[in-house]
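Breakdown of the fold
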Amino acid sequence: MIDVHTHLEQPEYSSDRDQVIEKCKKQLKAIITCCAHPRDFDLTIQLTEKYKGFIFATVGIHPQYVREVDERQREEFFDLIKRNKNKIVAVGEVGLDFNWEKENEWREKQKQMFVEFIRFSKELKLPLVIHSWDACEEAVRILEQEDAKQVLMHMFEDNRLVKEVASNGWFVSVNAIVLSSKKYKKVVRDMPLEQLMLETDAPWLAPEGFGSKRNDSTAVKFVAEKIAEIKKVSIEEVDKETTKNAIKFFGLSIKI
Ligand SMILES: [Zn+2]
């Protein structure tokens, strides 16, 4: 299995990051860690170098940080990413988050930053990892307007848009919210297995029964189990398909 969306740079792992990664190595084929703020860039790249062939990175600015990173800092960050393009496998997570951001002015700025990142991913010829959550419709519209092709939707909960997302050839990554949310269950039900991937969004969103409040990538098995149940296929089938999808989408150089 591959966890396509986690945050290994988070302070929750500061005291035992290597042990957590070693534990994950025993159970998983790879981990994609998402650097969502410029301050996390160095640590993220260090991890991909230390665990070459196991940890891969995406880099972007999460929409909730739009107030923290101004345009000039963004330009500098684009330059930094460009210089390190060969060390990352995608741009993200980027997108929209209207749950954290209630003010219209800043929501507009999120949209502006989102468009910048979509164009940037095209320039770099890298796929996009999208945070959409409660702004799925707006995010899908912007992606379509910008003619984005290689897209992975994370925190995607709008079942009404599943057909559209699927026919655009985009992917959806599923985390443990699917264990309790009807909306996410419907998304999994209607999205072809050929366009699904597994994720955790750890250190957050630990599933019930995980045994710890701090989540980690090994929890993808709970997600795989649930997808198998919803789709009425074996867990091996879910593992095989989602792993294949992740390797192809991110162009991972790993053996399976
Ligand atoms: Zn995330």
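Structure's up top.
1. A word on the overall build of the protein chain
Each helix and strand counted, the protein chain has nine helices and eight strands in total. Against the compact-globule benchmark of 18 Å for 256 residues, the protein chain has a radius of gyration of 17 Å, which places it among compact chains. Looking at the protein chain as a whole, 58% of its 256 residues qualify as buried. The long-range share in the protein chain, meaning contacts at least 24 apart out of those at least 6 apart in sequence, stands at 71%. With an accessible surface of roughly 11,800 Å², the protein chain has 48% of that area assigned to carbon and sulfur atoms. The average position of the 41 basic charges and that of the 44 acidic charges among the side chains of the protein chain differ by 4 Å.

2. Things to note about the pairing of strand β6 (residues 151–154)
Both faces of β6 are covered, namely the face carrying Val151 and Met153 and the face carrying Leu152 and His154. By the bridge criterion, four bridges tie strand β5 (residues 128–131) to β6 in an arrangement that is parallel. Bridge pairing in β6 links valine 129 to leucine 152. Both β6 and strand β7 (residues 171–174) contribute to a ladder of two bridges, which runs parallel. Its bridge partner being in β7, methionine 153 is matched across the sheet by valine 172.

3. A look at the coordination of the zinc ion
Six octahedral donors around a metal ideally make angles of 90 or 180 degrees; four tetrahedral donors ideally make 109.5 degrees. All of the protein donors around the zinc ion are His5 (NE2), His7 (NE2), Glu93 (OE) and Asp201 (OD); their distances to the metal are 2.0 to 2.6 Å. Counting along the primary sequence, the residues that act as donors to the zinc ion give the motif H-x1-H-x85-E-x107-D. Placement of the pair is histidine 5 in strand β1 (residues 2–6) and glutamate 93 in strand β4 (residues 90–95), with a sequence separation of 88 residues. Of the two residues examined, histidine 5 and glutamate 93, each falls in the buried class.

4. Here's the deal with the packing of helix α4 (residues 104–124) against helix α5 (residues 136–145)
Where α4 meets α5, the axes come as close as 10 Å, and the angle between the chain directions of the two elements is 40 degrees. Here α4 is positioned oblique relative to α5, judged by the angle of their axes. The two elements α4 and α5 cross, and the hand of that crossing is right-handed. Residues Lys111, Phe114, Val115 and Ile118 of α4 form the contact with α5, whose own contacting residues are Ala139, Ile142 and Leu143.

5. Notes on the nonpolar core
Judged by nonpolar contacts, the single largest core of 76 residues is most densely connected at Phe114, Phe117, Leu143, Met153, Phe156, Val172 and Ile227. For this core, the element with the most residues is α4, which contributes eight residues. Excluding residues within four positions of it along the chain, methionine 153 makes contact with Ile130, Ser132, Val140, Leu143, Val165, Trp170, Phe171, Val172 and Ser173. Judged by nonpolar contacts, the second largest core, of 17 residues, contains Val129, Phe171, Ala246 and Phe250.

6. Observations regarding the environment of lysine 244
Along the polypeptide, lysine 244 turns up in helix α9 (residues 235–250). Sequence separation of lysine 244 and isoleucine 256 is 12 residues, and the distance between their C-alpha atoms is 8.9 Å.

7. Examining the side chain of glutamate 146
Structurally, the position occupied by glutamate 146 is in the loop between α5 and β6. Of note is the side chain of glutamate 146, whose polar atom sits 2.8 Å from the side chain of arginine 119. Beyond its immediate sequence surroundings of up to four residues, glutamate 146 is in contact with Val115, Ile118, Arg119 and Lys122.

8. Some details on the packing of aromatic side chains
In the structure shown here, the tally under the stated rule is seven aromatic pairs. Considering the side-chain rings of phenylalanine 78 and phenylalanine 120, the 4.5 Å spacing of their centres and the 40 degrees angle between planes classify their relative orientation as tilted. Of this pair, phenylalanine 78 sits in helix α3 (residues 71–83) while phenylalanine 120 sits in helix α4, placing them 42 residues apart in sequence. Aromatic side chains phenylalanine 117 and phenylalanine 120 sit 6.4 Å apart centroid to centroid with 80 degrees between the ring planes, which places their arrangement in the edge-to-face category.

What counts, and where the lines are drawn
Residues numbered from 1 in each chain as written. Predicted model: local features only at pLDDT ≥ 70, side-chain atom pairs only at ≥ 80, totals over all residues. Heavy atoms only, no water. Helix = DSSP H or I, 4+ residues; strand = E, 2+ residues; numbered from the N terminus. Rg over C-alpha atoms; globule rule 2.2 N^0.38 Å. Buried < 20%, exposed > 50% of the residue type's maximum accessible area, 1.4 Å probe, protein only. Contact = heavy atoms within 4.5 Å. Areas by Shrake-Rupley, 256 points an atom, 1.4 Å probe, with all protein chains shown as cover. Lys, Arg positive; Asp, Glu negative; His and termini not counted. Charge placed at Lys NZ, Arg CZ, Asp CG, Glu CD. Pairing = 2+ DSSP bridges. Donors = N, O, S within 2.8 Å, 3.2 Å for Na, K, Ca; no water. Axes fitted to C-alpha atoms, helices over the stretch in contact; angles between N-to-C directions. Parallel < 35°, antiparallel > 145°, perpendicular 65-115°, else oblique. Left-handed = near helix turned anticlockwise from the far one by under 90°. Core = buried A, V, L, I, M, F, W, Y, C linked by side-chain atoms within 4.5 Å. Polar contact = N/O pair within 3.5 Å; in protein donor to acceptor, adjacent residues only side chain to side chain. Phe/Tyr/Trp six-rings, centres within 6.5 Å; stacked < 30°, edge-to-face > 60°.

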